[in-house]
Each structure stands twice: as structure tokens, then as C-alpha cells.
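So you can see what is in the structure, the chains are spelled out below.
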Amino acid sequence: DVYKRQPQERREVLEDLFVFGKENQKPFLVRMTVLLVLSTIIATAGLLSDSSAVVIGAMLVAPMMNPVLSAAGAVVMGWPKRFYSSIWLVLAMGLGALVLSSLITWLSPEVIFLPEQVLARTRPTFYDLLIALAAGSAGANTITHKESGAIPGVAVAVALLPPLASSGVLLVTGEFELALRAVVLFFTNLVAMVLAGALTFMACGVSPASARAHSAEFIRKQLGLFAVMVIAICIPL
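Scoring rules and cut-offs
Residues numbered from 1 in each chain as written. Predicted model: local features only at pLDDT ≥ 70, side-chain atom pairs only at ≥ 80, totals over all residues. Heavy atoms only, no water. Phe/Tyr/Trp six-rings, centres within 6.5 Å; stacked < 30°, edge-to-face > 60°. Helix = DSSP H or I, 4+ residues; strand = E, 2+ residues; numbered from the N terminus. Buried < 20%, exposed > 50% of the residue type's maximum accessible area, 1.4 Å probe, protein only. Contact = heavy atoms within 4.5 Å. Core = buried A, V, L, I, M, F, W, Y, C linked by side-chain atoms within 4.5 Å. Polar contact = N/O pair within 3.5 Å; in protein donor to acceptor, adjacent residues only side chain to side chain. pLDDT = per-residue confidence, 0-100.

The next subject is the packing of aromatic side chains. A full pass over the atoms with the stated rule returns 7 aromatic pairs. For the pair F83 and F218, a centre-to-centre distance of 5.9 Å together with 75° between the ring planes defines the contact as edge-to-face. Linking F83 in helix α5 (residues 80–107) with F218 in helix α12 (residues 216–234), this pair joins segments that are 135 residues apart in sequence. Since its relative accessible area comes to 3%, F83 is described here as buried. By relative accessible area, F218 is classed as buried at 13%. When the ring of F83 is compared with that of F226, the centres are 6.1 Å apart and the planes differ by 85°; the resulting orientation is edge-to-face.

Okay, structure coming up:
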């Protein structure tokens, strides 16, 4: 019975991860843009007011985890086009969040002291990498097993948006080195989540053996690349 249900379960997981049909792409991008703008406003305001509760709220609203897990799913399915589209979407959203947070900070009253919530995103450590790996695996497992109640916890555990908003604040205040550190935290989370998510999807049987055999070279190449990046990031952290 388990194996008979697998194709249907696989389709349901893929429908949660990807947008199928050109007619659905525009509404998806509009929805993602609206959520990104709102979550960036919330995150930046929370950072500038030094409110951890508001920053957590922004993490729950932020839509960035979906394309990150989509990239992980595209790796194990052997879909290069969808993989690169997901990665470019994450990077475009990241750039948009950084620019918007910079604009909000520039329009805000002068920042005399850097809030602790901002500084907290400028000190990436080995534990941040560990959290991102666990969160990526948890996110993939949550989608695979339809445990929607666990998604908010995963969104809060790994900070994808706050480091970008912090970087925007720091750029405006002239703290360029600290801004770079915040971006490093974002990339740490991104790389670790894609790797852990892909391995979890593979372990949960999201990709059939036929797909893995057909795209074995692409899958090995991407998993190897992300594994190398995680190791490379791990050393300085």
C-alpha cells in the first residue's frame, strides 16, 4: 500500500514546491512580491526598534523559504531549469529586501546607536550553520509529510530575511564590514538549507529512482557543489 501511494504523494509534494502552468506564474510572483515587501517592512521596523518579537513576526510572513526548498527539490528531481529559476528568485528577493530595508532606514530618523537586533545578525557562527542544516531538513520533512503546523517553527528557526534587512540598515549607517557579515549569514543559511533539504527529499523518496538515474550527473554535481560550499563556510565560522 505504501508503494502504491507513493506516486500520488510525490505529486502532492511537487505541487507544494513548484508552480506548474504559465497561467499560475504571475499570481505566484505577485503574491511573493507582496509578502516580501510586507515582511521586509516589518523586519526593518523591528530591527530599528530593537524588538525581537516584531522580527520573529517578519520571519513568519517572509516567503523566502518556499523558493529555497523548491531549489532543493529541483536538485533531487534533476530539473536544472527549475533549480536555477528558484535560486535566481531567492537572490532577486534577497536583493529586493536589501534595497527596501536600506530605503526604509534612509527615510527613518537617524540611528544613533545600532540596535542589538541588528548586531545579532552580524556574528555568524558554526551554530548558525548547524541550525540552518537542521532547519532545511525539517522544512523538507514537513512538506513531505504534510505537517503544516511545523512550518512556522522552521521559519523562525532559520533567519533568511532578518540578515538582509540588517545589511540594508548597516549599509545606510556606513557599517560596510558589518553589512557584509550579515550577508554572509544569509548565504550560510541558504547554502545549508538547500543541501539539507535536497538530502532529506531524497531520503523521503520524493524523487523516483528513474529521475535520479536520468539526471545522475546533475544531481551529483549540485550536491557536491553545495557540500563543498558548506564545508568552505564551516571553516571560517
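Attention now goes to the environment of L35. Locating L35 in the fold gives a position in helix α2 (residues 22–48). Separated by 28 residues in the primary sequence, L35 and P63 place their C-alpha atoms 6.3 Å from one another. The residues contacting L35, other than those within four sequence positions of it, are V61 and P63.

Formed by 58 residues in total, the largest nonpolar core has its most connected members in M64, F83 and F201. Among the elements that line this core, the one with the most residues is helix α10 (residues 176–203), at 11 residues. If we skip the residues at most four places from it in the chain, F83 touches A71, A74, V75, F218, Q222 and F226.

Among the structural elements, Q117 can be located in helix α6 (residues 116–119). Judged by its relative accessible area of 16%, Q117 falls in the buried class. A distance of 2.8 Å separates the side chain of Q117 from the side chain of R121, its partner in a polar contact.

We now examine unusual backbone geometry. In this structure, D50 takes a positive phi of about 60° despite not being glycine. Tracing the backbone through its elements, the reader meets D50 in the loop between α2 and α3 (52–61). D50 gets classed as partly exposed once you look at its relative accessible area, which sits at 39%.

Residue-level pLDDT values for the protein chain average 86, and 92% of them are 70 or greater. α5 holds the highest mean pLDDT among the elements of the protein chain, 94, whereas helix α8 (residues 151–157) holds the lowest, 62. Scored below 50 in pLDDT, residues 1–5 shows 0 contacts in the model against residues more than four places distant or in partner chains.

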